[in-house]
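Next come the chains, spelled out residue by residue.
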Amino acid sequence: MDKTGITPTRKENYAEWYQQVIRAADLAENAPVRGCMIIKPNGYQLWETLQHKLDQAFKATGHVNAYFPLFIPVRFLQKEAEHVAGFAKECAVVTHSRLQANEQGVLEPASPLEEPLIVRPTSETIIGEAFSRWVQSYRDLPLLINQWANVVRWEMRTRLFLRTSEFLWQEGHTAHATAEEARQETLRMLEIYRRIIEEDLAIPALVGEKTASERFPGALSTYTLEGMMQDRKALQLGTSHFLGQNFAKAMNIQFVDVDGKAQYAWTTSWGVTTRLIGSLVMVHSDDDGLVLPPKVANVQAVIMPIIHDEAQREQIEAYCDQVQRQLQDRGKGLRISLDKRAMRGGEKRWQWIKRGACCLIEIGMKEMESQSVTLSWRDTLQRETLPLTQWVATFADGLKAMQQRLFERAKSNREQSTQRISSVADFYQFFQNDGGFALAYWSEDPETEEKIKSELKVTVRCLPQAFASERGACLFTNKPDCPLAVFAKAY
RNA sequence: CGGGAUGUAGCUUAGCCUGGUAGAGCGCUACGUUCGGGACGUAGAGGCCAUCGGUUCGAAUCCGAUCAUCCCGACCA
């Protein structure tokens, strides 16, 4: 194959390749509003699939969904000092309640609001206000709430799915009677994210804790899941925050404990966003377009009738219907498409390759006569022909195998670009070459963090859980007994 | 918000310097030949050249203003 589905290739221009994959798969487009995107049906279907999997996991752990206002009074945000500082610079502010035509007939804002409202960049404060009324006694705890919503963070530089001014997410907000319980909740949700990201999205996730500088504004600790994209840059896939009593104190979430004493609750929040769709594109896709893990793919198999002679159309299509029915009978949840559009076979095949259909099934006279199918899996694109009965019986296993292949490939990509670093010179060398994830002992001192950020554009992604027991002398300061940190360039 | 650039068909764009009211490729529609690795031919639809103003007999083209977008910097799921 010399001609690739996507121009340019990953190697030629990764950023442009990413945009083109999204365009070719028809996932989303830039909206006529600055920094915003239109998520098209193919993209939204992916989001619905992720939503469904996450929602099930949340419900299974006792969380319930609710919906809180889009608008938040400015004074709410103001109640937590770090929180304001973190979000103030990127808030959309609503100041007027109507439009009025001026002398030229141009509509202008009129009727100023007494108190400006911000469009939620996140909902800790407005949910906290509600919690303060809902929580009275230790019997009201834990309070486990999730919200599916859009949020707005006014961004300077935007990219489809990865960074837009408005995006979709879920934000979980919980309140607990003890610090220990809240911390457990933070870690429990982190583990749910890890499981879905690794098992459904087939993206190996590096799990760990954020440093002070990368922590959520107002949190005591922030845990993160970091994925490595094919350009070796890190992408934060989800976060879970232990908020301590900061928001409980700011929003006055108090309860009476067993001993009759008033106590501040301990709260958490955690979220993942439509950015996960961007990570799917950047981790699995290739120079021919979108590649998706079967568990979340919109189309797990597409059946394409190949018709040379119009006289044969009817019988070939009837055979295709039969193949679809038999596959579908093997599993209710299977997503099988039958593409009867009158297009040339090659063109049709390419279209489905670019859209990330997991399995491409071509059926013409040969297959019909021999009761077989010709198929290829999206990640390898190698054709093989199998008897229909055998194919139907093994299709589900084929999906599983592809899911596994994608995960293993992503994992081996990450491992190849992950390196233990033991000298500052090697550290600089590593990032001046190809880069990736650099593991090094680090004293958590903010000065080196600042220095490498300005000199190399490298940040500390997290202190990984997997290496929590390892201690060593800091790479930069030589201070003994420091934790291992992961450094990388990040989106 | 600083530095640089650009606005012409759904998309990518030529034309602008040297004024004479628009050309191409892709896409779209129809028909024909094709069809298991991205077809080709023929015909056709589609643009008051970002907006407003100025210069001129005449402006996509020259001048001014406005708006928008993109790229580079400081911030970010």
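Residues numbered from 1 in each chain as written. Chains lettered and ligands numbered in written order. Predicted model: local features only at pLDDT ≥ 70, side-chain atom pairs only at ≥ 80, totals over all residues. Heavy atoms only, no water.

### Overview of the packing of aromatic side chains
Move 1: Here the structure, examined in full by the defined rule, presents 21 aromatic pairs.
Move 2: Measuring from centroid to centroid gives 6.2 Å for phenylalanine 427 and tyrosine 428, while their planes differ by 65°, and the two rings are edge-to-face.
Move 3: Taking relative accessible area as the criterion, phenylalanine 427 reaches 0% and is therefore assigned buried.
Move 4: Here the aromatic cluster, defined as three or more aromatic residues joined through ring pairs, consists of Phe427, Tyr428, Phe430, Phe431, Trp442, Phe476 and Phe487.
Move 5: In this arrangement the basic side chain of lysine 233 is found over the ring face of tyrosine 491, its NZ or CZ atom lying 4.3 Å from the centre.
Move 6: Cation over ring: arginine 355 sits above tryptophan 352, and NZ or CZ is 5.7 Å from the ring centre. (Phe/Tyr/Trp six-rings, centres within 6.5 Å; stacked < 30°, edge-to-face > 60°. Buried < 20%, exposed > 50% of the residue type's maximum accessible area, 1.4 Å probe, protein only. Lys NZ or Arg CZ within 6 Å of the ring centre and 35° of its normal.)

### Considerations on the environment of valine 256
Move 1: When you line up the elements, valine 256 lands in strand β12 (residues 254-256).
Move 2: Residues valine 256 and alanine 15 lie 241 residues apart in sequence; the distance between their C-alpha atoms is 54 Å.
Move 3: Among all residues touching valine 256, those that are not within four sequence positions of it are Gln136, Ser137, Tyr138, Lys261 and Ala262. (Helix = DSSP H or I, 4+ residues; strand = E, 2+ residues; numbered from the N terminus. Contact = heavy atoms within 4.5 Å.)

### Here we look at empty space enclosed by the protein
Move 1: Using the criterion set out here, one finds two cavities of 30 Å³ or more in the structure.
Move 2: Each pocket or cavity is described by its volume, and for the largest cavity that value is around 70 Å³.
Move 3: Glu124, Ile127, Gly128, Phe131, His173, Thr174, Leu243, Phe247, Ile253, Thr267 and Thr268 together form the lining of the largest cavity.
Move 4: Every element with two or more residues in the lining of the largest cavity is listed here: α5 (124-134), β8 (166-176) and β14 (266-273).
Move 5: Ranked by the residues each element gives to the lining of the largest cavity, the list is headed by α5, at four residues.
Move 6: Tallied by class, residues from the lining of the largest cavity come to five nonpolar, five polar and one charged. (1 Å grid on protein atoms, 1.4 Å probe; cavity = no way out; pocket = protein on both sides within 12 Å on 5 of 7 lines; lining within 4 Å. Points joined across faces, edges and corners; volume = space filled by probe spheres on them. Nonpolar A, V, L, I, M, F, W, Y, C, P; charged D, E, K, R; others polar.)

### Digging into the protein's contact with RNA strand B
Move 1: Around RNA strand B sit 32 residues in total, of which Thr4, Arg163, Gln236, Lys354 and Glu367 are the nearest.
Move 2: Looking at RNA strand B alone, sugar and phosphate atoms form 35% of those within 4 Å of the protein.
Move 3: One of the backbone nitrogen or oxygen atoms of threonine 164 is found 2.6 Å away from a base nitrogen of RNA strand B.
Move 4: A distance of 3.2 Å separates a phosphate oxygen of RNA strand B from a polar atom in the side chain of lysine 457.
Move 5: Going through the elements one at a time, α10 (345-355) and α11 (365-370) are the ones with two or more residues in the surface near RNA strand B. (Near = heavy atom within 4 Å. Polar contact = N/O pair within 3.5 Å; in protein donor to acceptor, adjacent residues only side chain to side chain.)

### Describing the domain arrangement of chain A
Move 1: The domain architecture assigned to chain A consists of domain 1 (14-284), domain 2 (301-398) and domain 3 (418-488).
Move 2: One C-alpha centre belongs to domain 1, the other to domain 2, and the line joining them spans 41 Å. (Domains from an automatic or database assignment.)

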